[in-house]
Each structure stands twice: as C-alpha cells, then as structure tokens.
Amino acid sequence: MARPSKPTALKLIEGNRGKRALNKKEPDAEYLDDLTAPAHLTDDAKKVWAVAAPLLRKSNVLTVLDVFALEMLCNAVVDYRKAQHKSTTGETVGSGISPWKQLQSMHFKQANIMLDKFGMNPRDRARLLIDPQLGLNFNPDNAGSKEEKYF
C-alpha cells in the first residue's frame, strides 16, 4: 500500500526530502479560533477536547476542516479509557480473554490512528526538522498569506 501524501506545510516543517515540487494549489483552511467543544460530544469527550484542541491550535495544526477528525480522536480516547477501566474487573470469556481487553485494544488502535494524523506522538515529532528552505525571515506567526506561508 502506498504512503499517504503529506500536506505541504508538513513537508516544509520536516524538510522536502524527496525534492518533489510542492503543491501550490493545496487548500488552505482557516485555523480554528473557537475551541469550544461541539455540544453533541459527551462530557468525557469534551474533557479530552479541552486538552487536545488548545494544544493542536497552538501548534498551528487545528483548522476548521479538522473538527470532525478531532471529534473522532476525542471519542476514541474516551472509549479506550472506559475499556481500560472495565478490563480491570477480571471478567473473561471462554478463551480466558477479557472482552474489555479486546475492546481496549480496538479503541487503542483507533485513537492511535487519529493521534498519528495530528502528529501527536513522539515518533512524528522526532522526525521534524528545521527546513533551510524557509529562510531566516520565515515567521510561522505571520504566515497568513499563502505566498508567505509556502515561499
């Protein structure tokens, strides 16, 4: 299976190792300014949102297009935590495996996939490099326009 393509901004942060041309027509979504959790999330998911959303926004990762993905991440983390708590009951099925352990494993995988998508794990952070293409005058805080952001 082929690797998924990286967003242009991530290529700039990590360094364009493949030296392929950067996508100059990539959609440039607005950053999410209202970090209030959606009303339909459970109280537990809202607590996860309250921690994750400000961190992602501060890292200039969270845009208006990422709300649905962040909702999935919050729900997966909540489900993982519930299954982890329930797995301590000692309840098992015929094979001696706790059904909660199985659910815990499934929700761990779901949460991990979403964490990867947001670059929220040590492996992804360790691969980040400063890209000399950005020059000495690049300031991510002032990268409002597409030209300033990518060139």
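Okay, so let's go over this structure.

Conventions adopted
- The numbers attached to residues start from 1 for each chain and follow its sequence in the written order.
- For a predicted model such as this one, the threshold for reporting local features is a pLDDT of at least 70, and the threshold for listing and counting side-chain atom pairs is 80 or more; totals across whole chains, interfaces and linings nevertheless cover every residue.
- Each side-chain value is worked out from all heavy atoms of the structure, with water and hydrogens disregarded.
- What is meant by a nonpolar core is a set of buried Ala, Val, Leu, Ile, Met, Phe, Trp, Tyr and Cys residues, joined one to another through side-chain atoms within 4.5 Å.
- Residue exposure (1.4 Å probe, protein chains only): buried if accessible area is under 20% of the type maximum, exposed if over 50%, otherwise partly exposed.
- Here a helix means four or more residues in a row that DSSP labels H or I, a strand means two or more in a row labelled E, and each is numbered from the N terminus.
- Contact between two residues is taken to exist if any of their heavy atoms lie within 4.5 Å; hydrogens are not considered.
- Classification of ring pairs rests on two measures: the distance between centres of Phe, Tyr or Trp rings, Trp counted by its six-membered ring, which must be within 6.5 Å, and the angle between planes, read as stacked under 30 degrees, edge-to-face over 60 and tilted in between.
- Here a helix's expected span is defined as the number of its residues, less one, multiplied by 1.5 Å.
- Arc definition: directions from the helix axis to the C-beta atoms.
- What counts as an axis is a line fitted to C-alpha atoms, over the stretch in contact for a helix, and the angles between N-to-C directions run from 0 to 180 degrees.
- An angle below 35 degrees is treated as roughly parallel, one above 145 as roughly antiparallel, one from 65 to 115 as roughly perpendicular, and anything else as oblique.
- Put simply, a crossing is left-handed when the front helix is turned counterclockwise from the back one by less than a right angle, and right-handed when it is turned clockwise.
- In the scheme used here, Gly and all other residues not listed as nonpolar or charged are polar, with Ala, Val, Leu, Ile, Met, Phe, Trp, Tyr, Cys and Pro taken as nonpolar and Asp, Glu, Lys and Arg as charged.

Time to look at the nonpolar core. In this structure, Trp49, Leu62, Leu70, Leu73, Cys74 and Phe118 are the most contacted members of the largest nonpolar core, which totals 20 residues. Breaking this core down by element, the ones donating at least two residues are helix H2 (43–58), helix H3 (67–86) and helix H4 (99–117). When residues in this core are grouped by element, the largest group, eight residues, is from H3. Once residues within four sequence positions are removed from consideration, Cys74 is found in contact with Ala45, Val48 and Trp49.

Along the chain, Asp66 turns up in the loop between H2 and H3. Not counting residues within four places of it along the chain, the set of residues in contact with Asp66 comprises Val61 and Phe118.

On to the packing of aromatic side chains, then. A complete count under the given rule lists one aromatic pair for this structure. An angle of 55 degrees between the planes, with centres 5.9 Å apart, marks the rings of Tyr80 and Phe108 as tilted. Note that Tyr80 is positioned in helix H3 and Phe108 in helix H4, a separation of 28 residues in sequence. Judged by relative accessible area, which is 22%, Tyr80 ranks as partly exposed. Looking at Phe108, the relative accessible area reads 44%, which means it is partly exposed.

This part covers H3. Its 20 residues place the ends of H3 29 Å apart at the C-alpha level, agreeing with the 28 Å of an ideal helix rising 1.5 Å per residue. Restricting attention to buried positions, one finds in H3 the residues Val67, Ala69, Leu70, Glu71, Leu73, Cys74, Ala76, Val77, Val78 and Ala83. Where the residues of H3 are buried, they touch H2 and H4.

Our next topic: H4. With 19 residues, H4 extends 28 Å between its outermost C-alpha atoms, agreeing within 8% with the 27 Å of an ideal straight helix rising 1.5 Å per residue. When H4 is considered as a whole, its buried residues turn out to be Gln104, His107, Ala111 and Met114. One face of H4 carries all of its buried residues, which in axial projection span an arc of 95 degrees. Counted as exposed and oriented over 90 degrees from the buried face of H4: Lys109 and Lys117. For H4, the elements touching its buried residues are H3. Positive phi appears at Gly119, one or two residues downstream of H4, with a value of about 70 degrees.

With that settled, the discussion passes to the packing of H3 against H4. Running from amino to carboxyl end, H3 crosses H4 at an angle of 155 degrees, the nearest separation of the two axes being 8 Å. Taken together, the axes of H3 and H4 are roughly antiparallel relative to one another. Here H3 runs over H4; the crossing is left-handed. Across from Ala69, Met72, Leu73, Ala76, Val77, Asp79, Tyr80, Ala83, Gln84 and Lys86 in H3, the residues of H4 making contact are Trp100, Leu103, Gln104, His107, Phe108, Gln110, Ala111, Met114 and Leu115. When the residues that make up the contact of H3 with H4 are grouped by side-chain class, the tally is 13 nonpolar, four polar and two charged.

So far we have only geometry, and geometry alone does not tell us how the molecule works.
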